[in-house]
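Working through the structure, step by step
Below are the chains, spelled out letter by letter.
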Amino acid sequence: TSTRTTVTANPTLKLGLTDTLDVEASYAARVETRTTTGGTTTRASSGGDLYLRAKYNLIGNSGGRLSAAISPYVKLPTAGRQIGNGAVEGGVIAPVQLTLGNGLQILIDPELDLLQNGSGHGTHLNLANLISVSRALSPTVTLSAEIWSDANFEPVKTVTQSSLDLGLAWIPKAAPSLQLDGGVNLGLNRSTPDLQVYAGVSHRF
């Protein structure tokens with residue numbers, strides 16, 4: 001069995017409320033899956049789930065080498081049943097970033113989620129973590145390399161995933177509030193998608 005998922009138009013809108021607090025909303029306009037088993041292909045598509053987040057900066061907002069934040073989120077089940085699981089789920093993320101010399105940054109991004117069981121009854125924990133090293137190659141170009149891991153404690157079977165992720169971001173000199181980025185995620189075990197490719201654009205208003 002092979003599965004290909006395409007996500008189109010997946011914007012995140014972020015609004016700063018204070019110097020230390022912002023709120024975010026993320027929604028995929030279209031999610032399409034294509035699954036092939038034994039020569040038979042099935043397709044499903046709909047909009048995605050709606051994610052609402054808040055992010056509160058704990059330290060490092062006004063500068064310094066160390067910054068840390070806490071970011072609780074909730075997922076609202078707006079996707080079709082062939083795409084989503086129809087459940088309200090949520091969790092919390094606690095990113096910590098260390099800025100070193102020569103344009104080098106290290107990000108540790110642990111996450112704790114409470115997810116619905118596959119049976120549709122009850123919930124279980126999911127633990128994820130990301131360790132990222134990024135380096136500014138120039139004032140406008142940044143390269144990043146990440147190791148991502150996830151442990152889903154589904155009662156039937158614990159599933160672990162991991163990937164190596166490489167990314168590149170570019171901020172045009174003529175448009176300092178605009179960023180173009182792209183990357184590739186390479187699965188490191190059989191439970192992880194073999195290949196994920198993305199491209200995006202960010203703009204600060």
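Residues numbered from 1 in each chain as written. Predicted model: local features only at pLDDT ≥ 70, side-chain atom pairs only at ≥ 80, totals over all residues. Heavy atoms only, no water.

A word on the overall build of the protein
Heads up, the condition is: Secondary structure elements follow DSSP: runs of H or I of four or more residues count as helices, runs of E of two or more count as strands, with numbering from the N terminus. Within these notes, the globule rule equals 2.2 Å times the number of residues to the 0.38 power, and the radius of gyration is based on C-alpha atoms. For each residue, the accessible area found with a 1.4 Å probe, counting protein chains only, is set against the maximum for its type, and the residue is called buried under 20%, exposed over 50%, and partly exposed in between. It only takes one pair of heavy atoms within 4.5 Å for two residues to be counted as in contact. Using a 1.4 Å probe, accessible areas were evaluated by the Shrake-Rupley method; residue-level cover was limited to the displayed protein chains.
Counting its secondary structure elements, the protein contains zero helices and 16 strands. Over its C-alpha trace the protein gives a radius of gyration of 18 Å, about what one expects of a compact globule, namely 17 Å for 205 residues. Across its three principal axes, the protein shows a C-alpha extent of roughly 50 × 35 × 30 Å. Burial statistics for the protein: of 205 residues in total, 25% are counted as buried. Restricting the contact set of the protein to residue pairs at least 6 apart, pairs at least 24 apart contribute 38%. Counting only carbon and sulfur atoms, one obtains 59% of the accessible surface of the protein, whose full area is about 13,000 Å².

Digging into the packing of aromatic side chains
Note the cut-off: Working definition: rings of Phe, Tyr and Trp (its six-membered ring) pair if their centres are within 6.5 Å, and the pair is stacked with planes under 30 degrees apart, edge-to-face with planes over 60 apart, and tilted otherwise. Should the NZ of a Lys or the CZ of an Arg lie within 6 Å of a ring centre and within 35 degrees of the ring normal, that charge is described as sitting over the ring.
Tallying each qualifying case throughout the model produces one aromatic pair. Aromatic pair Tyr-51 and Tyr-73: ring centres 6.2 Å apart, planes at 35 degrees, arrangement tilted. Taken together, the residues span a long stretch of sequence, with Tyr-51 in strand β6 (residues 50–59) and Tyr-73 in strand β7 (residues 66–76) at a distance of 22 residues. Owing to a relative accessible area of 11%, Tyr-73 belongs among the buried residues under this scheme. A cation over an aromatic ring shows up here: Arg-53 above the ring of Tyr-73, its NZ or CZ 4.9 Å from the ring centre.

Observations regarding the pairing of strand β10 (residues 104–108)
Put simply, the test is: In this description, strands pair whenever DSSP reports at least two bridges between them.
In this structure, strand β9 (residues 96–99) lies alongside β10, joined through four bridges in antiparallel fashion. Bridging from a neighbouring strand, Leu-98 pairs with Ile-106 of β10. The hairpin turn running from β9 into β10, its antiparallel successor, is four residues long, and Asn-102 in that turn takes a positive phi close to 60 degrees. Here five bridges tie β10 to strand β12 (residues 123–136), and the two strands are oriented antiparallel to one another. Bridged to Gln-105 within β12 is Ser-134.

Some details on the pattern of salt bridges
Where charged atoms of side chains with opposite charge meet at close range, the side chains can pair. Which entries qualify depends on this criterion: A carboxyl oxygen of Asp or Glu within 4 Å of a side-chain nitrogen of Lys or Arg is what we treat as a salt bridge.
If you walk through the whole model with that rule in mind, you get four salt bridges. For Lys-75, the salt bridge is made with Asp-49, and the minimal N-O distance between the two is 3.7 Å. Linking Lys-75 in strand β7 with Asp-49 in the loop between β5 (40–46) and β6, this pair joins segments that are 26 residues apart in sequence. It is possible to trace a salt-bridge network through shared partners that takes in Asp-49, Lys-75 and Glu-89.

So, the sheet that holds β5
Definition in use: Axis definition: a line fit to C-alpha positions, over the contact stretch in the case of helices; interaxial angles, taken between N-to-C directions, run 0 to 180 degrees.
Overall, antiparallel pairing links the three strands, which are arranged β1-β4-β5 in an open sheet. Looking at the sheet topology across the chains shown, the edges are occupied by β1 (2–8) and β5. When strand polarity is set aside, the average angle formed by the axes of neighbouring strands in this sheet is 10 degrees. In terms of strand pairing, strand β4 (residues 30–37) meets β5 through seven bridges, oriented antiparallel.

Side note on unusual backbone geometry
A positive phi angle is found at Ala-9, which is not glycine, with a value near 55 degrees. Within the secondary structure, Ala-9 sits in the loop between β1 and β2 (12–16). The backbone of Asn-102 shows a phi angle near 60 degrees, a positive value even though the residue is not glycine. Positionally, Asn-102 belongs in the loop between β9 and β10.

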